[in-house]
Amino acid sequence: MGRAFVAGLAVLAALTGCTVQPPDGEGKRRSPVHIERPGNTPAPDRTPAGGGDTPSAAPAPDDDKPAAPTPPRVLWSRGDTGRDVRELQARLRQVAWLFEGPTGTYGEQTERAVSGFQGKRGLPRTGKTDAVTWQRLVRMTREPGRWDLYLMGGQQADPPDARCRTGRVLCIDKTSRTLRWMIDGRTVSTMAVRFGSQGTPTREGVFSVYWKSRDHVSTLYDSPMPYAMFFSGGQAVHFSADFAARGYAGGSHGCVNVRDEPAIAELFAQVRNGDRVVVSW
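A brief report on the enclosed structure follows. Residue positions are given per chain, counting from 1 as you read along its sequence in written order. Totals for whole chains, interfaces and linings use all residues, but because this is a predicted model, local features are given only for residues with pLDDT of at least 70 and pairs of side-chain atoms are given and counted only at 80 or more. Side-chain figures throughout are based on the complete set of non-hydrogen atoms in the structure, without hydrogens or water.

Overview of the sheet that holds strand β9 (residues 211-217)
Our working rule: For two strands to be treated as a pair, DSSP must find no fewer than two bridges joining them. Strands are runs of DSSP state E lasting at least 2 residues, helices are runs of H or I lasting at least 4, and numbering of each runs from the N terminus. As a rule, the C-alpha atoms of each element are fitted with a line to give its axis, helices using only the stretch in contact, and angles between N-to-C directions run from 0 to 180 degrees. Should any heavy atoms of two residues lie within 4.5 Å, those residues are counted as being in contact.
Across the sheet, which stays open at both edges, the nine strands sit in the order β8-β13-β5-β6-β7-β12-β11-β10-β9 with mixed pairing between neighbours. The open sheet is flanked by β8 (205-208) and β9, the only strands paired with a single partner. Averaged over neighbouring strand pairs, the angle between their axes works out to 30 degrees when direction is ignored. Its contacts with the sheet place helix α7 (residues 261-270) against β5 (168-173), β6 (178-183), β7 (186-194), β9, β10 (224-232), β11 (235-239) and β12 (256-258), and it is angled at close to 45 degrees to β10.

Let's talk about the state of the cysteines
Using the following cut-off: Criterion for a disulfide: a pair of cysteine sulfur atoms at a distance within 2.5 Å. Burial status follows relative accessibility: with a 1.4 Å probe on protein chains alone, a residue under 20% of its type maximum counts as buried, one over 50% as exposed, and anything between as partly exposed.
Under the counting rule described, the total for this entry stands at one disulfide. What pairs with C164 in a disulfide is C171, and their sulfur atoms sit 2.2 Å apart. Here C164 and C171 share a disulfide; its torsion about the S-S bond, 80 degrees, makes the bridge right-handed. The residues C164 and C171 share a single accessibility class, namely buried.

Some remarks on helix α4 (residues 131-140)
This is how it is decided: Starting at the helix axis, one direction is taken to each C-beta atom, and the arc is that of these directions. Within 3.5 Å is the distance limit for a polar contact, defined as a pair of N or O atoms, with the added protein rule that one can donate a hydrogen and the other accept it, and that residues adjacent in sequence qualify only through two side-chain atoms.
What α4 keeps buried is the set A131, T133, W134 and L137. Take α4 and look down its axis: the buried residues cluster within an arc of 160 degrees, on one side only. Tucked into the core, α4 has its buried residues touching β3 (74-76), α2 (83-94), α3 (108-120) and β4 (129-130). Taking the backbone nitrogen of V132 as reference, a side-chain oxygen 3.1 Å away marks D130 as the first, capping residue of α4.

Nothing here speaks to function; it is all geometry.
In structure tokens:
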């Protein structure tokens, strides 16, 4: 029976690719079976029980290295438009970094003003208004009012007075500070206007254009009144270089000032003596 068992084991070893290992030179018996891998593939490396080299791996991240600071979020930059840009420009005017507008368009002058403001306060001179720049500017300025935002015009006109909806009318609104040139209820053009100061207010009511004077000069104030269209005594709609330069920071002696010279030149060419003028709040 013992011989039969040994013979069977030899047959099994031959069939499975295994060989029986004899005792080693020191008389110790080895594992009875040694498995040979197909293609003589070596067994995977093992880490010695007492330590030793380990396979190379990606280095662990250095947690002690400080992360790069996140740049502040950009709120507005060149090419942006809108009410927020107007407020930015109005605040820059308060600290004497901008002298144009507000226009509501983030152009070259605004970019330069922002860059100068940033450099003066030790901020990166990007010319872009980021959150840090904006917070610094807000702390140094006051909230702009409506006519700070529209110092040089650009505001929307209110709906026209009911008396302006028929015929040919210069429809002048003191609330929105605008003039609509209207024909049979249709608005042909709209422009910003300025009125008289408290001591010399612009009269309200319904009038008619009674005299047009292209290159008029005031005999009372000795000041130019180009494209003048008189409608009530010495009060007229006319171009004002002062309004063009200073915006609503100034006022007239009762006339209706227009700051857009090309616009009033075109209006002057279209208006006729006898056309109505409606001035209302």
